[in-house]
Amino acid sequence: MTASSRQLAEQLQQRFDESLLSIVDAVGEVTIELASENLVEVATALRDEADFAFEMLLDICGVDYVSFGKDEWVTEESSGSGFSRGVDATGAGHLGAVTEDLLVSRQYGAKRFAAVYHLLSINKNRRLRLRVYTADDELPVVPSVISVWNSADWYEREAFDLYGILFDGHPDLRRLLTDYGFIGHPFRKDFPLSGNVEVIYDAEKRRVIYQPVSIEPRVLVPKVIRGGKVDAVDLKDIQAPAEEEAAAGQAE
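These numbers were taken from a predicted model, which means no experiment stands behind them.

With that settled, the discussion passes to the overall build of the protein. Each helix and strand in the protein was counted, giving four helices and nine strands. Going residue by residue from the N terminus, the α and β elements of the protein occur as α-β-β-α-β-β-β-β-α-β-β-β-α. Here the protein holds 252 residues, and the buried ones make up 35% of them. Contacts spanning at least 24 positions in sequence make up 58% of the contacts within the protein whose residues lie at least 6 apart.

Time to look at the sheet that holds strand β1 (residues 20-26). Taken in spatial order, the five strands of this open sheet run β1-β2-β5-β4-β3, and their pairing is mixed. Unpaired on one side and paired on the other, β1 and β3 (56-64) mark the two borders of the sheet. Neighbour-to-neighbour, the strand axes of the sheet open up by a mean angle of 20°, direction not taken into account. Here six bridges tie β1 to strand β2 (residues 29-34), and the two strands are oriented antiparallel to one another.

Let us look at the pattern of salt bridges. Under the definition given, this model contains nine salt bridges. The partner of R15 in a salt bridge is E49, and the shortest N-O contact between them spans 2.7 Å. Of this pair, R15 sits in helix α1 (residues 3-15) while E49 is found in the loop between α2 (39-48) and β3, placing the two residues 34 residues apart along the sequence. For R15, a relative accessible area of 41% corresponds to the partly exposed category.

Moving on to a nonpolar patch on the surface. Residues V199, Y201, V208 and Y210 make up a contiguous nonpolar surface patch of roughly 430 Å² in combined accessible area. Mapping V208 onto the fold places it in strand β9 (residues 207-212).

This part takes up the confidence of the model for the protein. For residues with low pLDDT, the predicted coordinates do not support detailed interpretation. Overall, the prediction assigns the protein a mean pLDDT of 80, with 69% of residues at 70 or greater. In the model, residues 82-86 has pLDDT below 50 throughout and makes 15 contacts with residues more than four positions away in sequence or in other chains.

This next bit is on unusual backbone geometry. Positive phi, close to 55°, is recorded for N125, a residue that is not glycine. Under the relative-accessibility criterion, N125 is labelled exposed at 66%. Unusually for a residue other than glycine, R206 sits at a positive phi of about 60°. Looking at where R206 falls in the secondary structure, it is placed in the loop between β8 (197-202) and β9.

Let us look at the pairing of β9. Relative to β9, β8 is paired through six bridges, and the arrangement is antiparallel. Along β9, the bridge assignment pairs Y201 with V208. Linking β8 to β9, which pair antiparallel, is a turn of four residues; within it R206 sits at a positive phi near 60°.

One pass over the full model with this rule turns up five aromatic pairs. Measuring from ring centre to ring centre gives 5.5 Å for Y65 and Y133, while their planes differ by 45°; the resulting arrangement is tilted. On the criterion of sequence distance, the pair formed by Y65 in the loop between β3 and β4 (113-121) and Y133 in strand β5 (residues 126-133) is long-range, its members being 68 residues apart. Residue Y65 shares its accessibility class with Y133, and that shared class is buried. An aromatic cluster of three or more residues is present, and its members are Y65, F68 and Y133. Here R157 stacks its cationic end above the ring of W154, 5.8 Å away from the centre of that ring.

In terms of burial, β4 is largely enclosed, as eight of its nine residues are buried. Alignment of β3 against β4, held across eight bridges, turns out to be antiparallel. Opposite D64, over in β4, you have F113 as the bridge partner. Direction of pairing for β4 relative to β5: antiparallel, over a ladder of eight bridges. Bridging from a neighbouring strand, H118 pairs with R129 of β5. Between β4 and β5, which pair antiparallel one after the other, the connecting turn spans four residues, and N125 there sits at a positive phi close to 55°.

Attention now moves to helix α3 (residues 152-163). For α3, spanning twelve residues, the distance from its first C-alpha to its last is 16 Å, which sits close to the expected 16 Å at 1.5 Å a residue. If you check which residues of α3 are buried, you get A152, E156, R157, A159, F160, D161, L162 and Y163. At its buried positions, α3 is contacted by β3, β4, β6 (141-143) and β7 (166-168). Looking at the residues trailing α3, positive phi occurs at G164, about 75°.

Calculation criteria
- Residues numbered from 1 in each chain as written.
- Predicted model: local features only at pLDDT ≥ 70, side-chain atom pairs only at ≥ 80, totals over all residues.
- Heavy atoms only, no water.
- Helix = DSSP H or I, 4+ residues; strand = E, 2+ residues; numbered from the N terminus.
- Buried < 20%, exposed > 50% of the residue type's maximum accessible area, 1.4 Å probe, protein only.
- Contact = heavy atoms within 4.5 Å.
- Pairing = 2+ DSSP bridges.
- Axes fitted to C-alpha atoms, helices over the stretch in contact; angles between N-to-C directions.
- Salt bridge = Lys/Arg side-chain N within 4 Å of Asp/Glu carboxyl O.
- Patch = residues over 30% accessible without salt bridge, like charges linked within 9 Å, V, L, I, M, F, W, Y side chains within 5 Å.
- Areas by Shrake-Rupley, 256 points an atom, 1.4 Å probe, with all protein chains shown as cover.
- pLDDT = per-residue confidence, 0-100.
- Phe/Tyr/Trp six-rings, centres within 6.5 Å; stacked < 30°, edge-to-face > 60°.
- Lys NZ or Arg CZ within 6 Å of the ring centre and 35° of its normal.
- Expected span 1.5 Å × (residues − 1).

Below is the structure:
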């Protein structure tokens with residue numbers, strides 16, 4: 001918390017009290033959370049009112065909070081020797097098609113997807129983070145802010161492409177980084193690491209084709225070593241054989 005961030009937090013609290021779901025001032029940065037229906041109204045005020053003057057939108061990030069606060073690998077109680085399996089089969093980061101016995105049905109909690117906006121006031125030399133959760137995890141939608149900041153155009157397309165977040169009112173919402181035939185949204189936590197399809201060149205058809213991915217998904221099991229002691233190694237035990245081999249080579 002700094003004097004500038006504290007002042008901004010107080011101004012935001014006073015001006016948008018009824019519209020704010022939360023406000024956090026930490027490490028000199030202010031983050032506010034809004035309901036999606038208040039986004040455009042608050043964003044317009046943040047841009048136009050002299051007390052804020054956030055004339056620049058730096059970025060819009062999609063976020064998938066489905067595994068937030070959960071660990072995929074549990075190592076605190078792992079054994080001190082050999083391999084120790086600590087994978088949580090129900091974890092959101094787990095590959096969904098590893099083996100049949102690990103496949104489980106999982107219900108997503110509320111507030112899975114969010115759009116995070118990073119604002120800059122050049123006039124007042126300060127920044128603001130604004131977060132809006134989607135109301136529906138199955139069909140995540142938030143209003144577009146292109147009418148407020150033109151730079152939101154590509155940022156919203158990127159969040160749609162990578163996370164599947166829809167921006168209501170966007171004039172041309174289509175994929176930006178992935179291919180036209182791409183299936184799914186690669187930054188979602190439940191997207192398989194190996195993907196869904198792969199691209200190869202078919203010599204018979206003499207063209208590039210899509211086919212189901214041929215990589216076999218697997219879970220990597222890390223080796224966890226805790227509290228073990230490594231015996232000291234005498235350099236003479238290493239150097240002596242090397243010197244003997246060198247001497248034998250010279251004799252020949």
